[in-house]
Amino acid sequence: MAQAMRPNTAGSLFATDDRRHPLQDTLLAVTLVLGVTAFVSAMFHDLHLLSSWTGLLGIMTGAYGQWVSETTRERFGLILGLGASAVGFFLGMAHGGLFGGVVG
């Protein structure tokens, strides 16, 4: 009855490979924080500098994180962070852009 002792990871959406991934986990956390910051600050017209820059950085860290990710858990979180970063970036660009009001 050895099969009763094995964990069933085949049906799990967030199945991991039971190894540590410090770089990927750091990129995931940074992308999520930047995405939430860009998304929330994009709701305020005067914070377009913050939303556009954090959105741009979130897109770049999320893209690199997708490139080096190894598990579904990492990719799922990175996609959420990338989406929030993109929305924040585009709304920040619509409200004034990366340098709007500073360079004139």
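Thresholds applied
- Residues numbered from 1 in each chain as written.
- Predicted model: local features only at pLDDT ≥ 70, side-chain atom pairs only at ≥ 80, totals over all residues.
- Heavy atoms only, no water.
- Patch = residues over 30% accessible without salt bridge, like charges linked within 9 Å, V, L, I, M, F, W, Y side chains within 5 Å.
- Areas by Shrake-Rupley, 256 points an atom, 1.4 Å probe, with all protein chains shown as cover.
- Salt bridge = Lys/Arg side-chain N within 4 Å of Asp/Glu carboxyl O.
- Helix = DSSP H or I, 4+ residues; strand = E, 2+ residues; numbered from the N terminus.
- Axes fitted to C-alpha atoms, helices over the stretch in contact; angles between N-to-C directions.
- Parallel < 35°, antiparallel > 145°, perpendicular 65-115°, else oblique.
- Left-handed = near helix turned anticlockwise from the far one by under 90°.
- Contact = heavy atoms within 4.5 Å.
- Nonpolar A, V, L, I, M, F, W, Y, C, P; charged D, E, K, R; others polar.
- Buried < 20%, exposed > 50% of the residue type's maximum accessible area, 1.4 Å probe, protein only.
- pLDDT = per-residue confidence, 0-100.
- Expected span 1.5 Å × (residues − 1).

## A look at a nonpolar patch on the surface
Stage number 1. Taken together, the side chains of V36, F39, V40, M43, F44, L47, L50, V87 and L91 make up a nonpolar region of the molecular surface, amounting to roughly 760 Å² of accessible area.
Stage number 2. Of all the secondary-structure elements, those providing two or more residues to the nonpolar patch are helix 1 (22-41) and helix 3 (72-95).
Stage number 3. Broken down by element, the residue count for the nonpolar patch peaks at 3 residues, all from helix 1.
Stage number 4. Within the secondary structure, F39 sits in helix 1.

## A closer look at the packing of helix 1 against helix 3
Stage number 1. Contact pair helix 1 / helix 3: the axes reach a minimum separation of 7 Å and the direction vectors enclose 30°. Our classification of the angle between helix 1 and helix 3 gives roughly parallel. Helix-helix and strand crossings are classified by hand; for helix 1 and helix 3 the assignment is left-handed. From helix 1, Q24, D25, L27, L28, T31, L32, L34, G35, V36, A38 and F39 reach across to helix 3, where they touch R73, E74, G77, L78, L80, G81, L82, A84, S85, V87 and G88.
Stage number 2. Along the lines of polarity and charge, the residues of the contact of helix 1 with helix 3 split into 12 nonpolar, 7 polar and 3 charged.

## As for the environment of L23
Stage number 1. The residue L23 is located in helix 1 in this model.
Stage number 2. Of the residues examined, L23 reaches a relative accessible area of 43% and is grouped as partly exposed.
Stage number 3. Note: C-alpha distance between L23 and V68 (45 residues apart in sequence) is 8.7 Å.

## Observations regarding the confidence of the model for the chain
Stage number 1. Confidence in the prediction of the chain, expressed as mean pLDDT, is 86, and 81% of residues score 70 or more.
Stage number 2. Mean pLDDT across the elements of the chain bottoms out in helix 3 (94) and peaks in helix 2 (residues 48-68) (96).

## Some details on helix 3
Stage number 1. The end-to-end C-alpha separation of helix 3 is 35 Å, in line with the 34 Å expected for 24 residues at 1.5 Å each.
Stage number 2. Structurally, helix 3 contributes buried residues whose contacts are with helix 1 and helix 2.

## Here we look at the pattern of salt bridges
Stage number 1. One pass over the full model with this rule turns up 1 salt bridge.
Stage number 2. Measuring nitrogen to oxygen at the nearest pair gives 3.0 Å for the salt bridge that ties R73 to D25. Residue R73 is found in helix 3, and its partner D25 is found in helix 1; the two are separated by 48 residues along the sequence.
Stage number 3. The exposure class of R73 is partly exposed, given its relative accessible area of 31%.
Stage number 4. Residue D25 is classed as partly exposed on the basis of its relative accessible area, which comes to 30%.

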